[in-house]
Amino acid sequence: MSDYLALIMFPALIGLIVAGFPIAFSMIVVATLFGIAQFGDAAAYQLLTKIEDTASNSILAAVPLFIFMGAMLENSGIAERLFGAIHLWTRRLPGGLGVGAVIMGTVFAAASGVVGATEAVIGMLAVPVMLKHQYDKSLISGTICASGSLGTAIPPSITVVVLGPVAGVSVGSLFSGLLFPGFLMAVLFLLYIVIIAALKPQLAPRFDDHETRPGWGKMLWVTFSALLPTMGLIMVVLGTILMGVATPTEAAACGALGSVLLALAYRNLTASVLWQAAIRTLNITAMILLIVLGGNMFAGVFFASGGMATVQSMLMDTGMSPWFILGTILLIAFLAGFVLDMISVVLIVIPVAMPIVGTLGFDEIWFCVAFLVVMQTSYLTPPLAPSIFYLRAITPPEVTLKHMYKGVMPFIGLQLIVLALVLAFPSLALWLPDALSGPSWK
């Protein structure tokens, strides 16, 4: 197989996916067939080595632990308590229910790390209440989709845990680099909802006067009992990672144990809750790690076949400026996000992109942060937006695809603003990792 024939691996992969084969098995099949064609019997050793590398990667042990942490918070009713506490403080604001949904998305994203889980929890809690108070269906759709997408941009994102080892950069540095862009995005979402609700009150009607506000004592107690323990758990998990005190896997283990202790403290810890959380963790983890394995096998054969050198020479020999090449890579990632889930895009694009980014002289952490913002935008962008398919599964028929497509557009614009700021001002992604001396955990 010539170097250029290695590039056929990509259309072959897309062909299998379009034909309906699962993404993980498509990558494994393509890697196996092209590996045998190129290396013969030696391909078996190469592919088995990738299985061993994936199984022995200690960072990936954080994946099931973070998933279990989010599943426990969801199944034990802690997420519902959290939404109720936030709702008490935001209900009187313009677009208060939408504001509460975004805040809930920010908090739960920091507790779960799984995009689909974040959106599903927020949607199930917020959509019925927003429909009851006659919120505009497009605003509801955009708010829930955007809130759920924060699971990519706010640590501890599972996508980041997978991306770090693949890109060869510190997971801790990626977490800290994402903090400012992620929270900036959440702030822009909040500002948009408040402003649009203030300018067009019919889109987000205020609460009726007869819906009395609880007393300050009750509000403070609900906040103290529901919000502070969860926020404390999140701060312990992220703080230990960002300060370099614990590896992501160790911090995730603390988070998983902490979620069980919180459920016990709330007297919601039952055998059924533990079982449901364990089964959910097993299902999601098996899916993610099988995709990671397939991606590693695919990338290994592609590299060994000379495909990486071919792509690099093709881009470098065009005479394009470094910024144009960088934009091309991000555009390819954005388009790939239409047909593949985020982790699959990471495993296919990042191994090819990182050597090019390094050769062009761009900072690797900065590029990874920009890449993740692009992935989040792709996750939200019609017509194949995964966020819309998640929302479709949890909303009543009266909320149509037209409402969803219209609703996400303003939030896509806000995400592009954040992307532009990250590209124009690299310090937005690099200041905090530098200030924390770049935690070295890989």
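One structure accompanies this document, and this report is about it. (Residues numbered from 1 in each chain as written. Predicted model: local features only at pLDDT ≥ 70, side-chain atom pairs only at ≥ 80, totals over all residues. Heavy atoms only, no water.)

Here's the deal with the packing of aromatic side chains
At step 1: Under the defined criterion, the tally for this structure stands at seven aromatic pairs.
At step 2: Ring centres of Phe362 and Trp366 lie 5.5 Å apart, and the angle between their planes is 35°; on these two criteria the pair is classed as tilted.
At step 3: Judged by relative accessible area, which is 13%, Phe362 ranks as buried.
At step 4: The class of Trp366 is buried, set by a relative accessible area of 3%.
At step 5: The rings of Phe189, Tyr192 and Phe411 are connected pair by pair, giving a single aromatic cluster. (Phe/Tyr/Trp six-rings, centres within 6.5 Å; stacked < 30°, edge-to-face > 60°. Buried < 20%, exposed > 50% of the residue type's maximum accessible area, 1.4 Å probe, protein only.)

As for the packing of helix 2 (residues 23–39) against helix 13 (residues 271–304)
At step 1: As a packed pair, helix 2 and helix 13 sit with axes 8 Å apart at the nearest point and diverge in direction by 25°. The angle between the axes of helix 2 and helix 13 places the two elements in the roughly parallel class. In the crossing of helix 2 with helix 13, the sense of the turn from one axis to the other is left-handed. Only Leu290, Ile291, Gly294, Gly295, Met297, Phe298, Val301 and Ala304 of helix 13 make contact with helix 2, whose side of the interface consists of Ala24, Phe25, Met27, Ile28, Val30, Ala31, Thr32, Phe34, Gly35 and Phe39.
At step 2: Looking at the contact of helix 2 with helix 13 residue by residue, the classes come out as 14 nonpolar, four polar and no charged. (Axes fitted to C-alpha atoms, helices over the stretch in contact; angles between N-to-C directions. Helix = DSSP H or I, 4+ residues; strand = E, 2+ residues; numbered from the N terminus. Parallel < 35°, antiparallel > 145°, perpendicular 65-115°, else oblique. Left-handed = near helix turned anticlockwise from the far one by under 90°. Contact = heavy atoms within 4.5 Å. Nonpolar A, V, L, I, M, F, W, Y, C, P; charged D, E, K, R; others polar.)

Here's the deal with unusual backbone geometry
At step 1: Although it is not a glycine, Gln134 sits at a positive phi angle of roughly 60°.
At step 2: Position of Gln134 among the secondary structure elements: in the loop between helix 7 (115–132) and helix 8 (137–153).
At step 3: Judged by its relative accessible area of 63%, Gln134 falls in the exposed class.
At step 4: Phi angles above zero are rare outside glycine, and Arg267 is one such case at about 60°.

Observations regarding helix 2
At step 1: The end-to-end C-alpha separation of helix 2 is 24 Å, in line with the 24 Å expected for 17 residues at 1.5 Å each.
At step 2: Taken together, the buried positions of helix 2 are occupied by Ile23, Ala24, Ser26, Met27, Ile28, Val30, Ala31, Phe34 and Gly35.
At step 3: Where helix 2 is buried, its residues contact helix 1 (9–18), helix 3 (42–55), helix 13 and helix 16 (342–360).
At step 4: Positioned one or two residues after helix 2, Gly40 has a phi angle of 65°, which is positive. (Expected span 1.5 Å × (residues − 1).)

Looking at the environment of Leu432
At step 1: You can see Leu432 is positioned in helix 20 (residues 427–435).
At step 2: Sequence separation of Leu432 and Gly177 is 255 residues, and the distance between their C-alpha atoms is 6.2 Å.

Nothing here speaks to function; it is geometry throughout.
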